[in-house]
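Residue-level structural notes
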Amino acid sequence: MRAHEAGALHGDFGHQGPSWLRTPADVNELMAPLWPRTARKDDDGVLQVGGRDVASLAQEFGTPAYLLDEEDFRARCRDFKQGFAGADVYYAGKAFLCRAIVRILVEEEMNLDVCSGGELATALAAGMDPARLALHGNNKSVRELTRAVEAGVGRIVVDSFDEIERLAAIARERGVRPRVMIRVTVGVEAHTHEFIATAHEDQKFGFSLAGGKAFEAARVILEQDTLELRGLHSHIGSQIFDTSGFEVSARRVLTLQERIRTELGAELPELDLGGGFGIAYTSQDTPSPAGDLAERMFKIVADECRGLGIAQPHLSVEPGRAIVGPSTFTLYEVGTVKPLDGLRTYVSVDGGMSDNIRTALYDASYSATLASRASQAEPILARVVGKHCEAGDVVVKDEFLPADVRPGDLIAVPGTGAYCRSMASNYNHVPRPPVVAVRDGQARVIVRRETEDDLLALDVG
Ligand SMILES: Cc1ncc(COP(=O)(O)O)c(C=O)c1O
Ligand SMILES: N[C@@H](CCCC[NH3+])C(=O)O
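Naming follows an unreviewed UniProt entry, where the protein chain appears as Diaminopimelate decarboxylase of Catellatospora chokoriensis. The Pathway (unreviewed entry) comment attached to the protein chain in UniProt states, word for word, "Amino-acid biosynthesis; L-lysine biosynthesis via DAP pathway; L-lysine from DL-2,6-diaminopimelate: step 1/1." Checking UniProt for the protein chain, the heading Subunit (unreviewed entry) contains the comment "Homodimer."

A word on the overall build of the protein chain. Of regular secondary structure, the protein chain possesses 14 helices and 21 strands. In terms of C-alpha radius of gyration, the protein chain reaches 23 Å, essentially the compact-globule figure of 23 Å for 461 residues. Taking all 461 residues of the protein chain together, 57% fall into the buried category. The long-range share in the protein chain, meaning contacts at least 24 apart out of those at least 6 apart in sequence, stands at 70%.

With numbering aligned to this structure, UniProt lists the feature "active site" (unreviewed entry) at Cys 389. Within the secondary structure, Cys 389 sits in the loop between strand S17 (379–385) and strand S18 (394–402). Cys 389 has contacts with Tyr 427 and Asn 428, leaving out every residue within four places of it along the chain.

Next up on the list: the packing of helix H7 (residues 142–151) against helix H8 (residues 161–174). Close contact between H7 and H8 brings their axes to 10 Å; oriented N to C, the two are set at 45°. When the interaxial angle is binned, H7 and H8 end up oblique. Considering the relative orientation of H7 and H8, their crossing is right-handed. Every residue of H8 that contacts H7 at Val 142, Leu 145, Thr 146, Val 149 and Glu 150 is listed here: Glu 163, Arg 166, Leu 167, Ile 170 and Arg 174. Its residues assigned to classes, the contact of H7 with H8 shows 5 nonpolar, 1 polar and 4 charged.

Our next topic: the pairing of S17. Sheet topology places strand S15 (residues 344–349) next to S17; 4 bridges connect them, and they run parallel. The partner of Ser 348 across the bridge, within S17, is Val 385. With 6 bridges joining them, S17 and S18 adopt antiparallel strand pairing. Residue Ile 380 lies in a different strand from S18, and its bridge partner there is Leu 401.

Now for the state of the cysteines. One pass over the structure, following the stated rule, counts 0 disulfides. A disulfide-free cysteine, Cys 77 has its sulfur positioned 12 Å from the sulfur of Cys 98, the nearest such atom.

Turning next to the site of ligand 2. Contacts to ligand 2 come from 8 residues, most closely from Arg 321, Arg 358, Tyr 362, Tyr 419 and Met 423. Contacts to ligand 2 include Arg 321, whose side-chain N or O atom sits 2.6 Å from an oxygen atom. In the environment of ligand 2, an oxygen atom lies 2.6 Å from a nitrogen or oxygen atom belonging to the side chain of Arg 358.

Turning to the site of ligand 1, a few remarks are in order. With respect to spatial proximity, 15 residues lie near ligand 1, and among them His 235, Ser 238, Glu 318, Arg 321 and Tyr 419 are the closest. Here Arg 321 contributes a backbone N or O atom positioned 2.8 Å from an oxygen atom of ligand 1. The side chain of Tyr 419 places a nitrogen or oxygen atom 2.6 Å from an oxygen atom of ligand 1. Protein chains shield 93% of the accessible area of ligand 1, which is 390 Å² for the free molecule. Partitioning the shell around ligand 1 into residue classes produces 3 nonpolar, 7 polar and 5 charged.

Each value, and the rule that gives it
- Residues numbered from 1 in each chain as written.
- Chains lettered and ligands numbered in written order.
- Predicted model: local features only at pLDDT ≥ 70, side-chain atom pairs only at ≥ 80, totals over all residues.
- Heavy atoms only, no water.
- UniProt positions renumbered as here; feature names shortened; annotations may be inferred.
- Helix = DSSP H or I, 4+ residues; strand = E, 2+ residues; numbered from the N terminus.
- Rg over C-alpha atoms; globule rule 2.2 N^0.38 Å.
- Buried < 20%, exposed > 50% of the residue type's maximum accessible area, 1.4 Å probe, protein only.
- Contact = heavy atoms within 4.5 Å.
- Axes fitted to C-alpha atoms, helices over the stretch in contact; angles between N-to-C directions.
- Parallel < 35°, antiparallel > 145°, perpendicular 65-115°, else oblique.
- Left-handed = near helix turned anticlockwise from the far one by under 90°.
- Nonpolar A, V, L, I, M, F, W, Y, C, P; charged D, E, K, R; others polar.
- Pairing = 2+ DSSP bridges.
- Disulfide = S-S within 2.5 Å.
- Near = heavy atom within 4 Å.
- Polar contact = N/O pair within 3.5 Å; in protein donor to acceptor, adjacent residues only side chain to side chain.
- Areas by Shrake-Rupley, 256 points an atom, 1.4 Å probe, with all protein chains shown as cover.

As structure tokens, this is what we get:
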């Protein structure tokens, strides 16, 4: 089998050219960062995952569908747990959460970060030990806080003075003492898209460190005998490759920790440096393995603590995208192909911005491959677009696809495990696709496809 016969497993415009013209060995090597571990193409160019081929999965479950490689998801949990041994790893449920995922997390002995009543309910419904949960949010309702306190959630990451007051009252009424962390805005300009950076001063999350609000929050919490202050929390943003942002953030937050110890007499035993570890969406992204990230982060914390003369707090991190992102790809069927002379070819698929809003929202880059057959055709510059009534309904901005791409072909887009199903909508009354977990030749639906009846059921007429 020659590589181009197998079709591209990864290609992206403008960097190294069309990848299906490379050797099979190259193609396999290039697969690694973008595709789930068990993904490969067979001799007929049909993409396989978890021991199943996508043509049969499309027949059984329809398209579009998110196909999650369960082995890959579990392996990434283990990579983080092993890499960060000695620290705690909280999977960030906002990336993608459902009960089957919670059960896997329980089996893999992971902790879980939830950021809404809905995520909390999902975690509890699937049997997650509440002590392993962290609750986030800049505007947690009284109801959400009450539920978390009553369930015995392990930590609540407080985000405002209003919340401290609310939470203290809820705890007082129930005679309990919830554990809290303070979300600190450290003022780091993370190198990522503006919409997903969270530690610069001018935004809604956290207590400003520079403005003295974070110190003030510590003082207020320490005055309450109904709240137990466990530590500081910083999350600088998402899809970050460079650990220098974490270094600055750790330095600033630990400096605050030292001030809290000196001026308020409180030794804080924990520190959470958040999530945000980047993944490869195209060959131009170069993520670090979890072990390397951990090594660097442990060193940063150790160095800073030594410099400040404080005891090292117990570290935790909250990766979401880096665990679930690469485990999943979206399978679409091509509906129409429109070559625009001198421009590019528009390949329309049966989903779009309702199942992947990230391209439209963050100008995110994705790649795609012809997944259902091999092709000998020349590469053409294509744009994979959806079926929505919106010109910006783009899934993959630029990709080389074979010139004979045609209606009925299956197209796979990797790296869609994080923030695609969880941010999906039913814009234009397009029902949301299912999530199908595949492992050892078995496929099971873990989130079923939304139906038109589901949509009509909400519309009370
Ligand atoms: C507080 C917090 N923790 C963790 C995460 C997870 O981020 P990521 O999925 O980029 O690892 C987020 C989202 O950005 C977050 O806001
Ligand atoms: N939803 C964003 C990341 C922000 C997530 C949570 N703070 C994304 O798709 O990249």
